[in-house]
Amino acid sequence: MPLEQEEAVESPITDHAEYDAVVVGAGFAGMYQLYRLRELGLSVRVLETGDGVGGTWYWNRYPGARVDSPSMQYSLSFSSEMEQEWGWPEDYSPQNDLERYANHVADRFNLRDDIQFGTRVTNASYDENTKKWTIETDRGDSLTAQYFITAVGCLSATNMPNFKNLESFQGEWYHTSRYPKEGVELKGKRVGIVGTGSTGIQAITAVGKEDCELFVFQRTPNYSLPSNNKPMDPEFEKEWKTRYAEHREAARVSQGGAEIIAYPSVSALAVSDEERAATYEKAWNQGAFTLAQSFTDLMTNEDANFTAAEFVRNKIRQTVKDPETAELLAPKDYPIFTKRICMDTGYYETFNRPNVHLVDVKANPIEEITPKGIKTSAGEFELDLIIFATGFDAMTGPLFRMNIAGKDGLTLKKKWEDGPKTYLGISSVGFPNMFMITGPGSPSVLSNMTTSIEQHVDWITDTIKYLKENELADIEPTAAAEDAWVEHVNEVANKTLYPKANSWYIGANIPGKPRVFMPYVGGVGNYRQKCDEVAAKGYEGFELTPA
Ligand code: NA7
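Below is a summary of the structure that appears in this document.

About the criteria used
Note that residues are indexed from 1 along each chain, following the sequence as it is written. For this predicted model, a pLDDT threshold of at least 70 governs which residues receive local features, and a threshold of 80 or more governs which side-chain atom pairs are given and counted, while totals over whole chains, interfaces and linings are taken from all residues. Side-chain metrics in this entry use all non-hydrogen atoms of the structure; hydrogen atoms and water are not considered. By convention in this text, a residue qualifies as near a molecule or strand provided that one of its non-hydrogen atoms is within 4 Å of it. Two N or O atoms form a polar contact when they lie within 3.5 Å of each other; inside protein one atom must be a possible hydrogen donor and the other a possible acceptor, and for residues adjacent in sequence the pair counts only when both atoms belong to side chains. A 1.4 Å probe and the Shrake-Rupley method give the accessible areas. Residues count as covered only by the protein chains that appear here. Residues are sorted three ways: Asp, Glu, Lys and Arg are charged, Ala, Val, Leu, Ile, Met, Phe, Trp, Tyr, Cys and Pro are nonpolar, and all the rest, Gly among them, are polar. Grid spacing is 1 Å over the protein atoms alone, the probe is 1.4 Å, and a cavity is where that probe fits but cannot get out, while a pocket is an open set with protein on both sides within 12 Å along at least five of seven lines and lining residues have an atom within 4 Å of a point. Grid points are joined across faces, edges and corners, and a volume is the space filled by probe spheres set on the points. Going along the chain from the N terminus, every DSSP run of H or I of four or more residues is numbered as a helix, and every run of E of two or more is numbered as a strand. To estimate how far a helix should extend, the number of its residues minus one is multiplied by 1.5 Å. Partly exposed residues are those whose accessible area sits between 20% and 50% of the maximum for their type, while under 20% is buried and over 50% is exposed, using a 1.4 Å probe and protein chains only. Should any heavy atoms of two residues lie within 4.5 Å, those residues are considered in contact. Only Phe, Tyr and Trp rings take part, Trp by its six-membered ring, and two of them pair if their centres are within 6.5 Å. Stacked means planes under 30 degrees apart, edge-to-face means over 60, and tilted covers everything else. Charge-over-ring contacts are defined here by two conditions on Lys NZ or Arg CZ: a distance within 6 Å of the ring centre and an angle within 35 degrees of the ring normal. Strands are treated as partners if at least two bridges between them are detected by DSSP. What the arc covers is the set of directions going from the helix axis to the C-beta atoms. The axes are straight lines fitted to the C-alpha atoms, using for helices just the contacting stretch, and the angles between their N-to-C directions are given from 0 to 180°. Cysteine sulfur atoms that pair up within 2.5 Å are treated as a disulfide.

1. Notes on the site of the ligand
- Residues in contact with the ligand amount to 18 residues; listed here are only the nearest, Thr196, Thr199, Arg219, Thr220 and Arg340.
- One nitrogen or oxygen atom from the side chain of arginine 219 is found 2.8 Å from an oxygen atom belonging to the ligand.
- Its free accessible area being 780 Å², the ligand has 84% of it covered by the protein chains.
- When the residues that make up the shell around the ligand are grouped by side-chain class, the tally is seven nonpolar, eight polar and three charged.

2. What to know about the layout of surface pockets
- For the second largest pocket, the calculated volume is near 310 Å³.
- Taken together, 19 residues line the second largest pocket, and the ones lying closest to its centre are Asp393, Thr396, Gly397, Phe400 and Lys413.
- Considered class by class, the residues forming the lining of the second largest pocket number eight nonpolar, five polar and six charged.

3. Some remarks on helix α9 (residues 302-319)
- Spanning 18 residues, α9 covers 25 Å between terminal C-alpha atoms, matching the ideal 26 Å at 1.5 Å per step.
- For α9, every residue scored as buried is listed here: Ala304, Asn305, Thr307, Ala308, Ala309, Phe311, Val312, Arg313, Lys315 and Ile316.
- In this structure, the buried residues of α9 make contact with β10 (224-226), α8 (273-286), α10 (323-329) and α11 (347-350).

4. Comments concerning the environment of aspartate 127
- Tracing the chain through its elements places aspartate 127 in strand β4 (residues 121-127).
- The spatial distance from the C-alpha of aspartate 127 to the C-alpha of alanine 405 is 9.3 Å, given a sequence separation of 278 residues.
- Of note is the side chain of aspartate 127, whose polar atom sits 2.7 Å from the backbone nitrogen of asparagine 129.

5. Here's the deal with the packing of aromatic side chains
- In the structure shown here, the tally under the stated rule is 39 aromatic pairs.
- Seen in terms of ring centroids, tyrosine 32 and phenylalanine 78 are 4.7 Å apart; in terms of plane orientation they differ by 20°. Their pairing is stacked. Placement of tyrosine 32 in helix α1 (residues 28-39) and of phenylalanine 78 in the loop between α2 (56-59) and α3 (80-85) is noted, with a sequence separation of 46 residues between them.
- One aromatic cluster in this structure is built from Phe28, Trp57, Tyr74, Trp86, Trp88 and Tyr101.
- Here arginine 178 stacks its cationic end above the ring of tryptophan 59, 4.0 Å away from the centre of that ring.
- Taking the ring centre of tyrosine 334 as reference, the NZ or CZ of lysine 339 above it sits at 4.9 Å.

6. Describing the pairing of strand β6 (residues 142-150)
- Counted residue by residue, β6 has seven buried out of nine residues, so it is predominantly covered.
- Sheet topology note: the strand β1 (residues 18-24)/β6 ladder contains six bridges and is parallel. Bridging from a neighbouring strand, glutamate 18 pairs with threonine 144 of β6.
- By the bridge criterion, four bridges tie strand β5 (residues 132-137) to β6 in an arrangement that is antiparallel.

7. What to know about helix α7 (residues 244-252)
- Those residues of α7 lying buried are Tyr244, His247, Arg248 and Ala251. In a view along the axis of α7, the buried residues occupy a sector of 100°, so they form one face of it.

8. Some details on empty space enclosed by the protein
- This model, assessed by the stated rule, comprises five cavities of 30 Å³ or more.
- Space inside the largest cavity adds up to approximately 100 Å³.
- Lining the largest cavity are 16 residues, and of these Ser77, Arg248, Ala251, Thr451 and Glu454 sit closest to its centre.
- Of all elements in the fold, only α7 and α14 (449-469) reach the threshold of two or more residues within the lining of the largest cavity.
- Looking at the lining of the largest cavity element by element, the count peaks at five residues for α7.
- Here the residues of the lining of the largest cavity sort into four nonpolar, eight polar and four charged.
- As a volume, the second largest cavity reaches approximately 80 Å³.
- Residue lining of the second largest cavity: Pro420, Thr422, Pro440, Gly441, Trp485, Val486, Val489, Asn490, Val516, Phe517 and Met518, and that is the complete set.

9. What to know about the sheet that holds strand β13 (residues 366-369)
- Taking strand neighbours across the sheet as the criterion, the three strands line up as β13-β14-β15 in an open arrangement whose pairing is antiparallel. One side of each edge strand has no neighbouring strand; the edge strands of this open sheet are β13 and β15 (379-382). Averaged over all pairs of adjacent strands, the angle between strand axes in this sheet comes to 25°, irrespective of strand direction.

10. Notes on the state of the cysteines
- Counted by the stated rule, this structure contains zero disulfides.
- Here cysteine 531 stays unpaired: no disulfide links it, and the sulfur of cysteine 154, its closest cysteine neighbor, is 15 Å away.

11. Here's the deal with the pairing of strand β19 (residues 472-477)
- The buried count for β19 comes to six of six residues, which makes it a mostly enclosed element.
- Judged from the five bridges that link them, β19 and strand β20 (residues 542-546) form a sheet pairing that is antiparallel. Following the sheet pairing, glutamate 476 is matched in β20 by glutamate 543.

12. A word on the side chain of asparagine 448
- The topology assignment puts asparagine 448 in the loop between β18 (434-436) and α14.
- Residue classification places asparagine 448 among the buried residues on the basis of a relative accessible area of 2%.
- Here glutamine 73 takes part through its backbone oxygen, which lies 3.0 Å from a polar atom of the side chain of asparagine 448.
- Other than its neighbours up to four places away in sequence, asparagine 448 contacts Ser69, Gln73, Tyr74, Gly256, Gly257 and Ala258.

The structure is reproduced here in structure tokens:
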């Protein structure tokens, strides 16, 4: 099964190849960036690999795909009219609603005219003489632009491990991020799902309910919290919409980019066992990420963290009827919340179904794929269909695959060979006029993405406006500012328990990837303040070159 589906859609190749800005990606980030740059009167071309808008929600069509931010907050805030007219059917939106919303945004603001679909960027290079970027595509386009803006998402470069003899498999196989649009018939099949991250957990819960035999190949168990998803309460929605601006403002200054009703005020170790248990129980019943906000020190103190981890492990033990399966599903070798916490709609209950079987590939690793299925060191599992939920080359992967080269031909990949180096997660020394929306070194994946996307797009747009008004040709960070930011990103990460897990945040899921904690832990509100201060001080830490 090809990993990259051939896209049939042909957008007209641009009639002129020179733009003020080229934006890569037509997810929420790329679409909003296009909208804002049009307001400035710039000519913009958006290049998108898929044949539709939506980014993450265009590609991730696997069964059960769903966002884990609340629908009322996982949306764009720039148009209050759109906020009011759009209705989300569920508290946590499934893929099809999110894709529908992305299409609505594109149609409502007439964005498609400037988006070229079915087009992958293969090269982007900066010319110091012309001070322009040249962007080349797999369709033979060559575009030049003053500003090169990446809106490629943090989790868009598929990680497909190099399984021995995969090509010999005679059944069907798909990576979750390339699942067929038309779906796959599961009835009566023997299905294998490899991977138990956020994606695997959603897919397993959905596929387990089907009339099929499901084999879950788990290497590392993950902690998962119940979402308590339900149909949207019309009264709640109505009330939320009357104060939408206030809710958005609260999200913008929050730690994680979503409004939090009550911040914790006490250490998990400062209360009695009974009080702690009652707090966790209440949070568990409320659902979603409430548990993570129960106490002040869950991310900074291992003993405090252990109490939350143990609470979840006990929930797993209470839910899963077979004690051996429950123990296998209970994570034990890393603190809770240090890998992306998962959110589910009945994941652990799935393992009580007679058609669902857990296979421990930590104890008995996958040796190879055979014509009939998956062979582990414990034996062969015959399968008709394999779904690989094996994740992504996160954050840097989508940037590296564009072969970006800056000053002196230095590639981003070479510059970042020991880990990403950015100033504010938006820019990098040697790459003038290149802006990365939700790049490494920004809150990005540790936040509600739509809040962070809008903050970056607004900042980038204001910056471009400033450059134009002040007749400046180039903006590029100084090495000193970049070094200081990288140090700060590491320093705040090292004050937390995050580095204690082998997570994709730290590059641990990709063989050979440098172990550097990539997103910024300092919080969405603090980060916004820092970006605003930099701009207010005439772009402190940047070098601005006159036209
Ligand atoms: P993740 O979280 O990276 O999960 C990938 C899963 O695939 C994880 O359980 C891995 O086990 C497993 N995996 C990867 N390679 C193998 C091999 N070779 N053998 C067995 N198992 C393997 O990706 P997701 O798509 O679930 O989630 C990514 C983010 O998307 C998520 O955090 C949300 O932010 C949205 P491992 O843990 O490496 O032992």
